[in-house]
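# Observations on chain architecture
Single-letter residue listing:
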Amino acid sequence: MTRIRFVHAADLHLDSPFVGIKAAAPENVARALHDATFTAYENIIELCIDESVDALLVAGDVYDSADRSLRAQLKFVDGLKRLDDAGIRSFVCHGNHDPLDGWEAELDYPPGCTRFGEDFEAVPVIEHEPGRAVVHGISYPTRDVHDNLVPRLGTVDPNTFSIGLMHANVEGNADHAPYAPCSLADLVFSGISYWALGHVHTRQVLSDRSPTVVYPGNSQGRHPNEPGARGVYLVDVDDDGAVNLDFRAVDAVRWERPVLDISDMATEQDLIDGLHQGMEAALESSTGRSVVVRIALSGRGALHGSLRQPNFIEGVVDTLNGEWTERSPFAWCERIEDETAPPFNREERVEGSDFLSEVLKTADRAKEDPEMLARLRGGLEDLYQHRRYRKHVSDDAPNVDDLSALIDEAESIVIDLLAGDDA
């Protein structure tokens with residue numbers, strides 16, 4: 001039997017400006033991006049109602065900045081009122097993007113909404129059944145919170161399923177600012193049953209039980225470095241306190257970063273055909289959503305010279321978008337990045353007499369000479385035993401096969417550095 005059912009969301013970033021993206025986009029794409037965070041939020045509200053959950057939990061960064069827009073505030077409150085009308089409670093904490101000291105309009109929040117202050121507060125999920133589950137929440141008073149907030153939690157009732165609602169950086173995630181830093185051990189020993197976290201935009205389950213510790217990620221990707229499905233967790237807790245996590249995508253527009261290898265392409269038509277195939281694949285994988293695509297071209301090939309021609313890539317982008325942005329849902333190629341290199345004939349270069357030729361010959365000898373391999377392995381021993389670096393490598397120094405692979409990889413790097421565009 002289900003004890004409690006809730007949706008765990010975070011980092012809505014309502015009215016995110018998509019800086020530098022909307023300005024370059026055609027009108028229909030710009031409009032979709034402008035509405036994307038709001039559409040994702042509406043999808044969250046619909047999910048809560050369709051799944052008849054007990055509550056929605058939002059773990060900070062409801063808005064994109066402390067000077068939150070009126071449009072964002074009105075949309076947010078309207079969604080909470082719809083939940084309240086459906087008998088669904090809402091619990092909200094604030095993070096570094098939407099701290100308590102930010103500007104806020106005087107709006108009427110529904111009675112079923114709890115917004116947490118700068119100190120932990122414990123509130124029952126079901127008001128008339130306080131023993132079923134309790135939310136312990138805390139908000140940022142200001143943007144820069146560098147203290148560990150977990151010690152402020154206080155006593156947690158071990159006989160009640162407890163949910164911690166907090167915006168924090170666990171274990172020093174380097175991709176995000178170190179706000180409210182804490183360790184996983186802090187969370188494990190807190191007494192909380194489920195930590196509903198926000199701040200990290202990529203979904204992660206740091207612990208699946210005792211306690212369950214979860215980042216749902218942001219509900220809508222906002223730039224190419226936030227690719228793939230974005231959404232929330234639908235959480236079911238049974239009478240024994242066992243937690244079931246069900247990720248649900250709610251994003252309106254999806255970002256993808258495909259890579260296309262030009263090595264086997266002989267003509268410009270091959271390139272254009274490959275790019276169209278990439279756009280189609282991105283759209284098909286988005287499950288009915290529009291897609292913004294940033295494509296990276298890689299590999300060595302004859303088309304490298306064409307890609308370096310003035311305005312060639314811009315022309316290809318215009319050709320793609322002339323077809324794909326007119327579709328519904330659309331696919332928009334935001335950029336093509338050229339990471340290609342000129343063709344390289346290894347057999348021909350190894351027969352030469354320059355420095356690169358000597359490097360290639362040395363690589364060949366090294367892979368065939370046991371003595372050279374032994375010396376190379378011995379040289380790596382210092383790295384693998386170094387007290388600072390050994391935690392980043394495997395327990396044992398590489399074997400013969402591993403060394404051969406490392407030599408091939410090193411050769412590839414040297415070729416890229418020495419061959420140049422005149423290879």
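Below is a summary of the structure that appears in this document. (Residues numbered from 1 in each chain as written. Predicted model: local features only at pLDDT ≥ 70, side-chain atom pairs only at ≥ 80, totals over all residues. Heavy atoms only, no water.)

## Comments concerning the sheet that holds strand β3 (residues 89–93)
- Taken in spatial order, the six strands make up an open sheet running β4-β3-β2-β1-β13-β14, and their pairing is mixed. The sheet terminates laterally at β4 (113–115) and β14 (243–249), the two strands that pair on one side only. Each neighbouring strand pair of the sheet contributes to a mean axis angle of 20 degrees, computed without reference to strand direction.
- Two strands pair when backbone bridges link them, and strand β13 (residues 231–238) and β14 are joined in this way by seven bridges, in the antiparallel orientation. When the sheet's bridge partners are listed, Tyr233 is paired in β14 with Phe247.
- Along the sheet face, helix α1 (residues 27–50) touches β1 (2–9), β2 (55–59), β13 and β14 and points at about 170 degrees away from the line of β1. (Pairing = 2+ DSSP bridges. Helix = DSSP H or I, 4+ residues; strand = E, 2+ residues; numbered from the N terminus. Axes fitted to C-alpha atoms, helices over the stretch in contact; angles between N-to-C directions. Contact = heavy atoms within 4.5 Å.)

## Concerning empty space enclosed by the protein
- On inspection of all chains with the given rule, the structure shows one cavity of 30 Å³ or more.
- When its volume is computed, the largest cavity comes out at roughly 30 Å³.
- As for the largest cavity, its lining consists of Tyr41, Glu42, Ile45, Lys75, Asp78, Gly79 and Arg82.
- Mapped by element, the contributors of at least two residues to the lining of the largest cavity are α1 and α2 (70–85).
- Ranked by residue count, the leading element in the lining of the largest cavity is α2, at four residues.
- For the lining of the largest cavity, the class distribution of residues is two nonpolar, one polar and four charged. (1 Å grid on protein atoms, 1.4 Å probe; cavity = no way out; pocket = protein on both sides within 12 Å on 5 of 7 lines; lining within 4 Å. Points joined across faces, edges and corners; volume = space filled by probe spheres on them. Nonpolar A, V, L, I, M, F, W, Y, C, P; charged D, E, K, R; others polar.)

## Regarding the packing of α1 against α2
- One can describe the packing of α1 onto α2 by two numbers: an axis separation of 10 Å at closest approach and a directional angle of 10 degrees. One way to sum up the angle between α1 and α2 is to call them roughly parallel. Where α1 approaches α2, its residues His34, Asp35, Phe38, Tyr41, Glu42, Ile45, Glu46, Cys48 and Ile49 are matched on the opposing element by Arg71, Ala72, Lys75, Phe76, Gly79, Leu80, Arg82 and Leu83.
- Class assignment of the residues belonging to the contact of α1 with α2 gives a composition of nine nonpolar, two polar and six charged. (Parallel < 35°, antiparallel > 145°, perpendicular 65-115°, else oblique.)

## Quick look at the pattern of salt bridges
- Under the definition given, this model contains 28 salt bridges.
- A salt bridge links Arg82 to Glu46, with the nearest nitrogen and oxygen atoms 2.4 Å apart. Of the two residues, Arg82 is situated in helix α2 and Glu46 in helix α1; the sequence distance between them amounts to 36 residues.
- Note on Arg82: relative accessible area 25%, which makes it partly exposed.
- Arg222 is the salt-bridge partner of Asp64, the closest N and O atoms lying 3.0 Å from each other. On the criterion of sequence distance, the pair formed by Asp64 in the loop between β2 and α2 and Arg222 in the loop between β12 (212–215) and β13 is long-range, its members being 158 residues apart. Here Asp64 matches Arg222 in class, with each residue buried. (Salt bridge = Lys/Arg side-chain N within 4 Å of Asp/Glu carboxyl O. Buried < 20%, exposed > 50% of the residue type's maximum accessible area, 1.4 Å probe, protein only.)

Shape is all these values report; function is a separate question.
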